[in-house]
Amino acid sequence: MKICENYALLLDQFLDGELSKEDEALVREHLVSCPACAAYVADAMAIRAAFEDLDEIEVPEGLSDGVMAVIRAHAAPRKKNHRWMKAAASLAACAAIVFAAVRIIPFGASSGTSAASAESAPMEARAGDVTDGVESPAEARQQLTADSEMSDPLSSSNLESGQNSAPVSVEPFALAPNSAQDSGSGEAPKTAVGPMLSANLNSDAASYRKWANLTAAAVGTELDGYSGIPRQDDAGRSYTAYELSESEFDALIARLGAEDKVTAYDTSDSTLYLIAVYP
Amino acid sequence: MNDIPEQQLVKSARSGDADAFETLVRRYEKRVYALTLRMCGNSADAQEAAQEAFLSAWQSLPFFRGEASFATWLYRLASNASVDLLRREKRQKAVSLDDAELTLDIPDSRLTPHEEAERNELRDAIRTGLKSLPDDYRAVLVLRELHQLSYQEISDTLDVDVGTVKSRINRGRKRLCEFLTRTGNFSPAAPSKKTEKEGQ
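Report follows, based on the coordinates. Residue positions are given per chain, counted from 1 along the sequence in the order it is written. Written order decides the labels, with chains lettered from A and ligands numbered from 1. In keeping with the model being predicted, local features are shown solely for residues with a pLDDT of at least 70 and side-chain atom pairs are shown and tallied solely at 80 or more, while totals for entire chains, interfaces and linings include all residues. For the side-chain quantities, the full set of heavy atoms in the structure was used; hydrogens and water were omitted.

1. Some thoughts on the pattern of salt bridges
(1) Moving on: Every case where a carboxyl oxygen of Asp or Glu lies within 4 Å of a side-chain nitrogen of Lys or Arg is listed as a salt bridge. Across all of its chains, the model carries 19 salt bridges over all chains by this definition.
(2) Moving on: Residue arginine 127 of chain B pairs with glutamate 52 of chain A through a salt bridge whose shortest N-O separation is 3.1 Å. Placement of the pair is arginine 127 of chain B in helix H5 (residues 113-132) and glutamate 52 of chain A in the loop between helix H3 (35-50) and helix H4 (63-72), with the two residues belonging to separate chains. Across the pair, glutamate 52 of chain A and arginine 127 of chain B agree in class, each one buried.
(3) Moving on: The network of salt bridges with common partners includes Asp12, Asp16 and Arg48 of chain A together with Arg144, Glu145 and Arg173 of chain B. Strands are runs of DSSP state E lasting at least two residues, helices are runs of H or I lasting at least four, and both sets are numbered from the N terminus onward. Exposed residues in this analysis have more than 50% of their type's maximum accessible area, buried residues have under 20%, and partly exposed residues fall in between, with area computed by a 1.4 Å probe over protein chains only.

2. Topic: the state of the cysteines
All names here are of chain A.
(1) Moving on: Sulfur atoms of two cysteines make up a disulfide when they are within 2.5 Å. The tally for this structure, following the rule as stated, stands at zero disulfides over all chains.
(2) Moving on: Of the cysteine sulfurs around cysteine 37, a residue in no disulfide, the closest is that of cysteine 34, at 3.6 Å.
(3) Moving on: Residue classification places cysteine 37 among the buried residues on the basis of a relative accessible area of 0%.

3. Quick look at H3 of chain A
(1) Moving on: How far a helix is expected to stretch is found by multiplying one less than its residue total by 1.5 Å. Taking 1.5 Å as the rise per residue, H3 of chain A with 16 residues should run 22 Å; its terminal C-alpha atoms sit 22 Å apart, in good agreement.
(2) Moving on: Within H3 of chain A the residues assigned to the buried category are Ala36, Cys37, Tyr40, Val41, Ala44, Ile47 and Ala50 of chain A.
(3) Moving on: Note on contacts: a residue pair is in contact if any heavy atoms of the two residues lie within 4.5 Å. On the buried face of H3 of chain A, the contacting elements are helix H1 (8-15) and helix H2 (21-33) of chain A together with H5 and helix H8 (162-182) of chain B.

4. Examining the packing of aromatic side chains
All names here are of chain B.
(1) Moving on: In this analysis, rings of Phe, Tyr and Trp, with Trp reduced to its six-membered ring, are considered paired at centre separations within 6.5 Å, and the interplanar angle assigns stacked below 30 degrees, edge-to-face beyond 60, and tilted for intermediate values. Considering all chains together, one arrives at eight aromatic pairs over all chains under this definition.
(2) Moving on: Relative to phenylalanine 70, the ring of tyrosine 28 lies with its centre 5.5 Å away and its plane at 70 degrees, an arrangement referred to as edge-to-face. Of this pair, tyrosine 28 sits in helix H2 (residues 18-40) while phenylalanine 70 sits in helix H4 (residues 70-89), and the two are 42 residues apart along the sequence. In this pair, the class of tyrosine 28 matches that of phenylalanine 70, namely buried.
(3) Moving on: Ring plane angle 45 degrees and centroid distance 5.8 Å describe the contact between phenylalanine 70 and tryptophan 73, whose orientation is recorded as tilted. With a gap of three residues between them, phenylalanine 70 and tryptophan 73 both fall in helix H4, about one helical turn apart.
(4) Moving on: Classification of phenylalanine 70 by relative accessible area gives buried; the value is 4%.

5. Some details on the sheet that holds strand S4 (residues 262-264) of chain A
All names here are of chain A.
(1) Moving on: For two strands to be treated as a pair, DSSP must find no fewer than two bridges joining them. Spatial strand order, S2-S3-S5-S1-S4: five strands in an open sheet with mixed pairing. Because the sheet does not close on itself, it has two edges, and the strands there are strand S2 (229-232) and S4. Going across the sheet, the axis of each strand differs from the next one's by a mean of 30 degrees, ignoring polarity.
(2) Moving on: Summarising the sheet, strand S1 (residues 210-215) and S4 pair through three bridges and their orientation is antiparallel. Looking at S4, one finds that lysine 210 is bridged to alanine 264. Only the stretch in contact is used when a helix axis is fitted, and all axes are lines through C-alpha atoms; the angle between N-to-C directions ranges over 0 to 180 degrees.

6. Some remarks on the environment of alanine 216 of chain A
Residue and element names in this part refer to chain A.
(1) Moving on: Counting through the fold element by element, alanine 216 comes out in helix H11 (residues 216-219).
(2) Moving on: Its relative accessible area of 35% is what places alanine 216 among the partly exposed residues.
(3) Moving on: Counting along the chain gives 60 residues from alanine 216 to alanine 276, while the straight-line C-alpha distance between them is 9.2 Å.
(4) Moving on: Residues within four places of alanine 216 in sequence aside, it is in contact with Val277, Tyr278 and Pro279.

7. Here we look at the pairing of S2 of chain A
(1) Moving on: Pairing geometry for S2 of chain A and strand S3 (residues 238-244) of chain A, over four bridges, is antiparallel. Across the sheet, the residue bridging to proline 230 of chain A is threonine 240 of chain A, located in S3 of chain A.

8. Points about the packing of helix H7 (residues 151-158) of chain B against H8 of chain B
Residues and elements named next belong to chain B.
(1) Moving on: Close contact between H7 and H8 brings their axes to 9 Å; oriented N to C, the two are set at 105 degrees. Between H7 and H8, the interaxial angle falls into the category roughly perpendicular. Every residue of H8 that contacts H7 at Tyr151, Gln152, Ile154 and Ser155 is listed here: Val162, Val165, Lys166 and Ile169.
(2) Moving on: When its residues are assigned to classes, the contact of H7 with H8 shows five nonpolar, two polar and one charged. Convention used here: angles under 35 degrees read as roughly parallel, angles over 145 as roughly antiparallel, angles from 65 to 115 as roughly perpendicular, and any remaining angle as oblique. Ten residues, namely Ala, Val, Leu, Ile, Met, Phe, Trp, Tyr, Cys and Pro, are considered nonpolar, four, namely Asp, Glu, Lys and Arg, are considered charged, and the remaining ones, Gly among them, are considered polar.

Structure follows, in structure tokens:
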């Protein structure tokens, strides 16, 4: 039985209390004479009555603890694609610290990351202290490395069943195709600031001297070879952040003729310049 | 910390106060998890998406300008994290239809055992039906029915206009009703007056 087309949207607004009093009266009147529309409203009301309440939802233990453990371990997300979160979620909060700690190992392993290496040392020790079930940072990393293969159903099932897969070549925390991880074998990132990304974890707009929002189309291949980090802006839109030096930033903006896209934070002490590239 | 107004907590968290952020996380964990649970359809993915949303919030807080409410902004991150996860893992279609972990048998004292059984059956069917809907339709229905957001709030959360919210709610609800009719939870409606007339 079909509902009346001219009432289709009104019926939902009626159900959801989104109509004016006059329109509400109009719909009420219609419902008396139209069994099809009345049946739709009745069904929708039944769905509402049976829909679970927020109170009935049980939050898994350790959800907040896991989040805060990661944040407090200074391994807050620089990268949106936390493949490791699945594993972290299934472990207790202390285990989350382990994952947070080993997350930065790849930074320490790359060249030119003395700051990150220094930061990782105490964290590894801490991971060793609290680990239960993951015996060493190396083993935890191995587990993480396996986690990076979650798109492979086989690896996924291995992880979920608690088995450690053999280490694989994919680096779990590579920032970008041209990340510092490639520095040993391939072309190093063009920017010297790339490896410092982890040190600027909580940077905000004031952490940059200048900021420019550009589209990927406008940027073209100009930033190829630079390390970028996926982020989300205030409106929840994804963008890739590229931290550049002043000369790189100015040269790029000049090449693109994008001076009007630049916001300058003159009060900032920072020497970093940011290009936000939107898809 | 629990009595501190949300705005103050957000301000402190923006400047890096992890304790303030923790209070916000604990205040919102149920609502965020409820959204990701319904979006993802299973507890493990929901937990992952919820944690991603909170971590993303921590990371993005410095850029939060307060144009939308903090709740709306957080729901948006949660919704995005869920959709990202579903896309990434392409699990949506692989979700088992009889996912036992979704069953919540919480007795409602106002209902007779028979009514309660019926309600639970319908509730399970609704969950299954929701899973079968496109992400966009599922998101609006969950935000409307579970979080009880207004159309304007849903529009702010999902960054779509109110007209789109209206049409997604209408289509989503219609599809859900059709699903529940197909699965025998709703009786097929009696023939309309027009059909009766044609049949005579």
